[in-house]
Amino acid sequence: MIAEAAVDYDQDGEEEKLYVRMMSGESNEEKEIGPNMGTYWEGEFRLELIAKDGTLLHALDLNPTFNSGPLIFNQSRQFVISFADYNNDGSLDFSIGQSFTSNGSTFNLYSLLPEGIAVLHQGLFTADNSYSTLYEKAGNTSFINRYYDMDKGKEAQTLYTWQGERFVRTECEGCELKTGDT
C-alpha cells in the first residue's frame, strides 16, 4: 500500500478507504539528482475502493491509464490523495500523477462513481510534482490547470470545462481567471 484516503463514497456516514496498491514490481534506488532520486517503487499499481468491512467494492488498474508502462512512486515523497467534484455530478474526483519533467507531472483525473472508479481525463501536464494535486475550481464544472510553457519560458494556465461526458480545454492566456468564473 503506497497511499490511502478515507472517503464516504456512498454518503452513508461511514468511511470507505481508497488505496493505491502495488500489485507487482520492485523497490529501486536512484542516486542521480532528479524526480526519482532516492528509493522508489516501480511496477504495476491499482486503485482499490474498500468497504468498512474490508470488502473490495471497486478496482482500477492504474498502469493502462498511463499508457501501460511501469509506474514510479518515490518513497520519500508524500502521497496524499486530494478530492474535489470537478464536474458537479455529486461524485468525488481526484488526480494521480507521474513525474514528467523538473517543471511538472502528468496527471489523470479519476472519479468514484456508483458503478466504479472511472477515468475522467488523461494527460494533464501540471506545474506540480506531487502524486495528487488539487486543481483550482473556476465554477461548478470548470477547473484551472497551471503549467510551465517551455516555448514561452513562463507559467501558463488553461481552463477545462465539463461538457456532457468529458472535459474540454480552453486557452486562457490573458483571461485573468478568478475563482467563481465559469
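Here, the structure is the one placed above.
Because the structure is predicted, anything quoted here is derived from the model rather than measured.

(A) Focus on the nonpolar core. By size, the foremost hydrophobic cluster in this structure holds 23 residues, and its most contacted members are Val20, Leu47, Phe79, Phe94, Ile96, Tyr110 and Ile117. If you list the elements that add at least two residues to this core, you get strand 1 (3-7), strand 2 (16-30), strand 3 (38-50), strand 5 (71-74), strand 7 (93-101) and strand 8 (104-113). With near-sequence residues (within four places) excluded, Leu47 lies in contact with Tyr19, Val20, His58, Ala59, Leu60, Leu62, Phe94, Ile96, Tyr110 and Ile117. Core analysis: the next-biggest nonpolar cluster, separate from the first, contains 11 residues, Tyr86, Leu109, Leu120 and Tyr160 among them.

(B) Main features of unusual backbone geometry. For Ser68, which is not a glycine, the phi torsion comes out positive at approximately 70 degrees. Mapped onto the elements, Ser68 comes out in the loop between strand 4 (56-61) and strand 5. With relative accessibility at 48%, the residue Ser68 sits in the partly exposed group. A positive phi angle is found at Asn88, which is not glycine, with a value near 60 degrees. Its location among the elements puts Asn88 in the loop between strand 6 (83-84) and strand 7.

(C) Focus on the side chain of Ser82. With respect to the helices, strands and loops of the structure, Ser82 is situated in the loop between strand 5 and strand 6. The residues contacting Ser82, other than those within four sequence positions of it, are Asp93, Phe94, Ser95, Ser132, Thr133 and Leu134.

(D) Main features of the packing of aromatic side chains. For the coordinates displayed, the defined rule picks out 14 aromatic pairs. When the centroid spacing of 4.8 Å and the interplanar angle of 75 degrees are considered together, the rings of Phe45 and Phe73 count as edge-to-face. Of the two residues, Phe45 is situated in strand 3 and Phe73 in strand 5; the sequence distance between them amounts to 28 residues. Judged by relative accessible area, which is 1%, Phe45 ranks as buried. Residue Phe73 is classed as buried on the basis of its relative accessible area, which comes to 1%. Considering the side-chain rings of Phe107 and Tyr135, the 6.3 Å spacing of their centres and the 85 degrees angle between planes classify their relative orientation as edge-to-face. Remark: Tyr135 occurs in the loop between strand 9 (116-126) and strand 10 (136-137) and Phe107 occurs in strand 8; sequence separation between them is 28 residues.

(E) Seen up close, the pairing of strand 12 (residues 154-162). Most of strand 12 is tucked away: 7 of the 9 residues are buried. Linking two consecutive strands that pair antiparallel, namely strand 11 (residues 142-149) and strand 12, is a turn of 4 residues; a positive phi of about 70 degrees is found at Gly153 within it.

(F) Geometry of the sheet that holds strand 7. The strand order across the open sheet built from 4 strands is 6-7-8-9, with neighbouring strands paired in antiparallel fashion. Edge positions in the sheet fall to strand 6 and strand 9, since each has one partner strand and no second. Pairing analysis gives 8 bridges linking strand 7 to strand 8, with the strands arranged antiparallel. Residue Ser95 lies in a different strand from strand 8, and its bridge partner there is Leu109.

Reading the values: the criteria
- Each chain has its residues counted from 1, running along the sequence as written.
- Local features in this predicted model are restricted to residues whose pLDDT is 70 or higher, and side-chain atom pairs enter the listing and the counts only when it is 80 or higher, whereas totals over whole chains, interfaces and linings include all residues.
- Only heavy atoms go into the side-chain values, all of them from the structure, while hydrogens and water stay out.
- Each nonpolar core is a collection of buried residues, namely Ala, Val, Leu, Ile, Met, Phe, Trp, Tyr and Cys, held together in the definition by side-chain atoms within 4.5 Å.
- Throughout, exposure labels follow a simple rule: accessible area from a 1.4 Å probe, protein chains only, divided by the maximum for the residue type, with under 20% read as buried, over 50% as exposed, and the rest as partly exposed.
- Going along the chain from the N terminus, every DSSP run of H or I of four or more residues is numbered as a helix, and every run of E of two or more is numbered as a strand.
- Note on contacts: a residue pair is in contact if any heavy atoms of the two residues lie within 4.5 Å.
- Ring pairs are drawn from Phe, Tyr and Trp, using the six-membered ring of Trp, whenever the two centres fall within 6.5 Å, and their geometry is named by plane angle: stacked under 30 degrees, edge-to-face over 60, tilted for the rest.
- In this scheme, strands are said to pair when DSSP sees at least two bridges between them.

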